[in-house]
Amino acid sequence: MREMRNEKPAGAEKPASGAPNSGSACAKGSDTSNRNSALPRLRLRITAAAESEIRSGHPWLFADSTREQNRDGETGELAVIYDRQNRFLALGLFDAESPLRVRVLHQGMPQSIDRPWWVRRLDQALARRRGLFDDRTTGYRWINGESDGWPGLVLDRYGGALVLKLYTTAWLPRLADVCALIREVLTPQRLVLRLSRNIQERALTRFGLVEGLLPGGNARAPEGVTFLETGLHFEADVLLGQKTGFFLDQRENRRLVESLAPGRDVLNAFSFTGGFSVYAARGGARSATDLDLSAHALESATRNFARNKTQANVAACRHETIQADAFDWLTVNAGRKFDLVILDPPSLARREPERFGAIHAYGKLAATGIQRLKPAGILVAASCSAHVSAEEFFGAVRQAASQSGRAFTQLQTTGHPPDHPATFAEANYLKCIYLRLD
């Protein structure tokens, strides 16, 4: 949004004689993320393989895929990418300090990146959610990064509070414009900034930004805000909680657990703030046990359970919390059995080299979960590791079921909910499998 005033279409002026370092600007205008407005537009030429990836819709360009660059770029400015025939290919946000060098905003014909363009891009994201939720659900995702055309940016709603989470410093020079647009279109009561760990230090030292309320907002937001999800009340720690404060992406799986819970004793391992347990209770579970290493998370789970006790089934459900390492507890406490076991651990493969170890760990975890199941019990196993494919994860869980010696039936598998679209391979992180074991 620094490109919001009178900008020509990017790529409207091609570099001369096939050289991306020619002096003519590709898209003159007001990209004030450049400290020196006299600099020519940043132009890149890339490898054939990267060109094919971008043509197919992939939103990332890595540094080692750049063949030529007309000048040093500044983090946050627009970079124009040309193909091998010196035609406009794409443009995106440049990050000078990340191996993920450009996050593509647009691919195809040249476009004017002005304020109306950004308004349309936001409207497109909002339109994808139109009709998905009624007034019984006030917690969901408005913008899901690259898959909504806002690479490295997430926007979640929790009632009257919106949480903006950034995964690249490329957004920071234009943060004020982003926030102004969000406030104008969505009119939140609070707008809270969250930063991924990899950019926190740079955000503070270079831009003076810390997590919390964004400039121009009201008084600092409280750590907890409340919202509705299918008529249930939850709190989200929007300042300190994992992700943006709650696992909104598991909503549809929580609803499935509710349908499977009547009359069952439920174990919710890696329970975080107890969302699965509250749904199970509303569904008619006899008991719900939250197991997590974090005392802070379990305290929140207790509060979430209590705030929904006005519903008869929740009030009738026996709720227990256990503070322990879930891997250890599942292994040691062989005597306790449950009718429904939910395994929703944090990512076990944050990097590609951890992938094979994670697949093994998922299988071992599923095996211990199965050991806690009564006859005709149901295992719900989820993974949020993008580096482990759905086929690899489901295969590990099925293998654990086969090796248990118990007959099993696969009830179903699930992926991303509709407010968390995934439009390219690396965005597909969430998967869940449901097995019934005799």
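The structure under discussion appears in the preceding block.
Quick summary incoming for the structure in this document.

Reading guide: rules and limits
Residues numbered from 1 in each chain as written. Predicted model: local features only at pLDDT ≥ 70, side-chain atom pairs only at ≥ 80, totals over all residues. Heavy atoms only, no water. Helix = DSSP H or I, 4+ residues; strand = E, 2+ residues; numbered from the N terminus. Contact = heavy atoms within 4.5 Å. Pairing = 2+ DSSP bridges. Axes fitted to C-alpha atoms, helices over the stretch in contact; angles between N-to-C directions. Salt bridge = Lys/Arg side-chain N within 4 Å of Asp/Glu carboxyl O. Buried < 20%, exposed > 50% of the residue type's maximum accessible area, 1.4 Å probe, protein only. Phe/Tyr/Trp six-rings, centres within 6.5 Å; stacked < 30°, edge-to-face > 60°. Lys NZ or Arg CZ within 6 Å of the ring centre and 35° of its normal. Left-handed = near helix turned anticlockwise from the far one by under 90°. Nonpolar A, V, L, I, M, F, W, Y, C, P; charged D, E, K, R; others polar. Core = buried A, V, L, I, M, F, W, Y, C linked by side-chain atoms within 4.5 Å.

### Some details on the environment of Cys384
So, step 1. Considering the arrangement of structural elements, one finds Cys384 in the loop between strand E18 (373-383) and helix H11 (390-403).
So, step 2. With 36 residues separating them in the primary sequence, Cys384 and Leu348 have C-alpha atoms 8.1 Å apart.
So, step 3. In this structure Cys384 touches Pro345, Pro346, Ser347, Tyr362 and Tyr429, once residues within four positions along its chain are discounted.

### So, the sheet that holds strand E17 (residues 338-343)
So, step 1. Across the sheet, which stays open at both edges, the seven strands sit in the order E16-E15-E14-E17-E18-E20-E19 with mixed pairing between neighbours. Of all the strands in the sheet, just strand E16 (318-323) and strand E19 (408-414) have a single pairing partner and so form its edges. The average angle at which neighbouring strand axes cross in this sheet is 15°, direction not considered.
So, step 2. Bridge count between E17 and E18: five bridges; the pairing is parallel. By the bridge assignment for E18, Phe338 is matched with Leu373.

### With respect to the sheet that holds strand E2 (residues 60-62)
So, step 1. As summarised here, the arrangement of the six strands in space is E2-E6-E5-E4-E1-E3, forming an open sheet in which the pairing is mixed. The sheet terminates laterally at E2 and strand E3 (66-69), the two strands that pair on one side only. Taking each pair of neighbouring strands and ignoring which way they run, the sheet shows an average axis angle of 35°.
So, step 2. Looking at chain direction, E2 and strand E6 (residues 100-107) are connected through three bridges and run antiparallel. By the bridge assignment, Phe62 is partnered in E6 with Leu100.

### A look at the pattern of salt bridges
It is possible for side chains of opposite charge to pair when their charged atoms get near one another.
So, step 1. Throughout the structure, instances matching the rule amount to 30 salt bridges.
So, step 2. Measuring nitrogen to oxygen at the nearest pair gives 2.6 Å for the salt bridge that ties Asp249 to Lys243.
So, step 3. With relative accessibility at 5%, the residue Asp249 sits in the buried group.
So, step 4. In this structure, the salt-bridge partner of Arg351 is Glu354, at a minimum N-O distance of 3.7 Å.
So, step 5. Relative accessible area serves as the criterion here: at 52%, Arg351 is assigned to the exposed category.
So, step 6. The exposure class of Glu354 is partly exposed, given its relative accessible area of 29%.

### Quick word on helix H6 (residues 275-282)
So, step 1. For H6, the tally of buried residues reaches eight of eight residues, placing the bulk of the element in the interior.
So, step 2. When H6 is considered as a whole, its buried residues turn out to be Gly275, Phe276, Ser277, Val278, Tyr279, Ala280, Ala281 and Arg282.
So, step 3. Of the residues trailing H6, Gly284 is marked for its positive phi of about 105°.

### So, the packing of aromatic side chains
So, step 1. Tallying each qualifying case throughout the model produces 17 aromatic pairs.
So, step 2. Relative to Phe394, the ring of Phe393 lies with its centre 5.9 Å away and its plane at 50°, an arrangement referred to as tilted.
So, step 3. Residue classification places Phe393 among the buried positions, given a relative accessible area of 1%.
So, step 4. Look at Phe394 and you get buried, because its relative accessible area is 9%.
So, step 5. Here the aromatic cluster, defined as three or more aromatic residues joined through ring pairs, consists of Tyr158, Phe227, Phe234, Phe246 and Tyr279.
So, step 6. The ring of Phe356 has Arg355 lying over it, and the distance from NZ or CZ to the ring centre is 4.6 Å.

### A closer look at the packing of helix H10 (residues 355-371) against H11
So, step 1. One way to put it is that H10 packs onto H11 with a least axis distance of 8 Å and a crossing angle of 40°. As H10 runs across H11, the sense of the crossing is right-handed. Contact residues: Arg355, Ile359, Tyr362, Gly363, Ala366, Ala367 and Ile370 in H10; Glu392, Phe393, Ala396, Val397, Ala400 and Ala401 in H11.
So, step 2. For the contact of H10 with H11, the residue count by class is ten nonpolar, one polar and two charged.

### Considerations on the side chain of Thr138
So, step 1. Looking at the element boundaries, Thr138 is found in the loop between helix H2 (115-129) and strand E7 (139-144).
So, step 2. Judged by relative accessible area, which is 14%, Thr138 ranks as buried.
So, step 3. Ignoring sequence-local partners within four residues, the contact set of Thr138 consists of Arg157, Tyr158, Gly159, Phe227 and Leu228.

### With respect to the nonpolar core
So, step 1. Within the largest apolar cluster, 38 residues are counted, with the highest numbers of intra-cluster contacts made by Leu155, Leu164, Leu166, Trp171 and Leu175.
So, step 2. The set of elements that each furnish at least two residues to this core consists of strand E4 (78-82), strand E5 (88-94), H2, E7, strand E8 (153-158), strand E9 (161-166), helix H3 (175-186) and strand E10 (190-195).
So, step 3. Per-element tally for this core: the top contributor is H3, with six residues.
So, step 4. Every residue in contact with Leu166, bar those within four places of it in the chain, is listed here: Gly152, Leu153, Trp171, Leu172, Leu175, Leu193, Arg194, Leu195, Ser196 and Ile199.
So, step 5. Tyr158, Val163, Ala280 and Val380 belong to the second largest nonpolar core, which has 33 residues in total.

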